[in-house]
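# Observations on chain architecture
Single-letter residue listing:
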Amino acid sequence: MLFLSEQRKARVLSRIAKYGALTTKSQFGGSSLMVDEIILAINSDGEFYLKGSGFLETLYKATKMNAYVYLKKGGPITLRYYRITEVIWKDQKKLEQYIDLSYHYSVQEYLGQRKQPSRIKDLPNLGVMLEKKLNQIGINKVEELRHIGAKASYLKLMQLYNYKNSELLLSLAGAIVGCHRSVLPDQLKMELLNWHDELSFL
């Protein structure tokens, strides 16, 4: 069972890692799994529980995923985290889909709860270095980045720094939308990548 538990842990952590650096913290009687301060799962006693943000609670309950019960001194507390079932463990595609959904909706919830970012570096996918580069091309505020848009901002960066990186384009788009670049809506991602491919012919 221990070997099976480690195998499953590796599968979950591998999928989560696509969103960024993973951190863990002792919490709720187990370990919370976080990316950029956003908790999206709990590991307790060899079991994994995905966060049920938004409509996911309804989905997870319908899929017969049991809620995580945290035993505190005052008594049991039911949390919005739902156990990955054997059926899901056996379906790799569904497992990855559920992890992706938990991340996506956890990000939305997190952004809705915190204050709107006042600096560019605080937006998803961006940081201090990219903020400085955007400042160099005249984009100094979050509102300015949103107004100018991902494509125009990317073209300005490409002109000044000779960037040719589709991941940067997706990062800018994700920052404006408010999500990690890997969970951009498929239609938007495809449209941006096609546009970027056309740039290579210019």
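The sections below set out a description of the structure shown in this document. Everything quoted here is computed from the prediction, not taken from an experiment.

### Overview of the overall build of the protein chain
Secondary structure assignment for the protein chain yields nine helices and six strands. Along the three orthogonal principal directions, the C-alpha set of the protein chain runs to about 60 × 35 × 30 Å. Of all 202 residues assigned to the protein chain, the portion counted as buried reaches 40%. Separation between the mean location of the 29 positive side-chain charges and that of the 20 negative ones in the protein chain comes to 4 Å.

### Focus on the nonpolar core
One finds Val12, Ile84, Leu126, Leu134 and Leu172 to be the most contacted residues of the largest nonpolar core, which totals 47 residues. Once residues within four sequence positions are removed from consideration, leucine 172 is found in contact with Leu126, Leu134, Leu145, Ala150, Ser153, Tyr154 and Leu157. Membership of the second largest hydrophobic core comes to seven residues, among which are Met34, Tyr49, Tyr68 and Tyr81.

### Let's talk about the sheet that holds strand E1 (residues 22-27)
Pairing is antiparallel in the open sheet, where six strands are placed in the order E1-E2-E3-E4-E6-E5. Sheet topology places E1 and strand E5 (67-72) at the edges, where each strand pairs with a single neighbour. Within this sheet the neighbouring strands show an average axis-to-axis angle of 40°, counted without direction. For strand E2 (residues 30-35) and strand E3 (residues 38-44), the ladder comprises five bridges, and the chain directions are antiparallel. Of the residues in E3, the one forming a bridge with methionine 34 is isoleucine 39.

### Comments concerning the pairing of E2
For E2, the buried fraction is high: five of the six residues fall into the buried class. As paired elements, E1 and E2 share six bridges and run antiparallel to each other. Residue pairing in the sheet places glutamine 27 in a bridge with glycine 30 of E2. Where E1 folds back on E2, the antiparallel hairpin that results is connected by two residues, among which phenylalanine 28 adopts a positive phi of roughly 55°. Connecting E2 to the antiparallel partner E3 that follows it, the hairpin turn spans two residues, and aspartate 36 within it adopts a positive phi of roughly 55°.

### Comments concerning the packing of helix H7 (residues 150-161) against helix H9 (residues 186-199)
Relative to each other, H7 and H9 sit at 30°, their axes nearing to 12 Å. Crossing of H7 against H9: the hand is right-handed. Contacts between H7 and H9 involve Lys151, Tyr154, Leu155 and Met158 from the former and Glu191, Leu192, Trp195, His196 and Leu199 from the latter. By residue class, the composition of the contact of H7 with H9 is six nonpolar, one polar and two charged.

### Describing the side chain of serine 106
Mapped onto the elements, serine 106 comes out in helix H4 (residues 92-113). Only 2.6 Å separates the side chain of serine 106 from the backbone oxygen of serine 102, close enough to count as a polar contact. Sequence-distant contacts of serine 106, that is, excluding residues within four places in its chain, are made with Ile38, Ile39, Leu40, Lys51 and Ser53.

### Considerations on the packing of H7 against helix H8 (residues 166-177)
For any two helices packed against each other, the geometry comes down to the angle between their axes and how far apart the axes lie. The interhelical angle for the contact between H7 and H8, taken along N-to-C directions, is 140°, at an axis separation of 9 Å. Taken together, the axis directions place H7 and H8 in an arrangement best described as oblique. The two elements H7 and H8 meet at a crossing, and its hand is right-handed. Touching Ala150, Lys151, Ser153, Tyr154 and Leu157 of H7 are Ser166, Leu168, Leu169, Leu172, Ala173 and Ile176, all from H8.

Basis of the calculations
Residues numbered from 1 in each chain as written. Predicted model: local features only at pLDDT ≥ 70, side-chain atom pairs only at ≥ 80, totals over all residues. Heavy atoms only, no water. Helix = DSSP H or I, 4+ residues; strand = E, 2+ residues; numbered from the N terminus. Buried < 20%, exposed > 50% of the residue type's maximum accessible area, 1.4 Å probe, protein only. Lys, Arg positive; Asp, Glu negative; His and termini not counted. Charge placed at Lys NZ, Arg CZ, Asp CG, Glu CD. Core = buried A, V, L, I, M, F, W, Y, C linked by side-chain atoms within 4.5 Å. Contact = heavy atoms within 4.5 Å. Pairing = 2+ DSSP bridges. Axes fitted to C-alpha atoms, helices over the stretch in contact; angles between N-to-C directions. Left-handed = near helix turned anticlockwise from the far one by under 90°. Nonpolar A, V, L, I, M, F, W, Y, C, P; charged D, E, K, R; others polar. Polar contact = N/O pair within 3.5 Å; in protein donor to acceptor, adjacent residues only side chain to side chain. Parallel < 35°, antiparallel > 145°, perpendicular 65-115°, else oblique.

Just distances and angles here, no functional claims.
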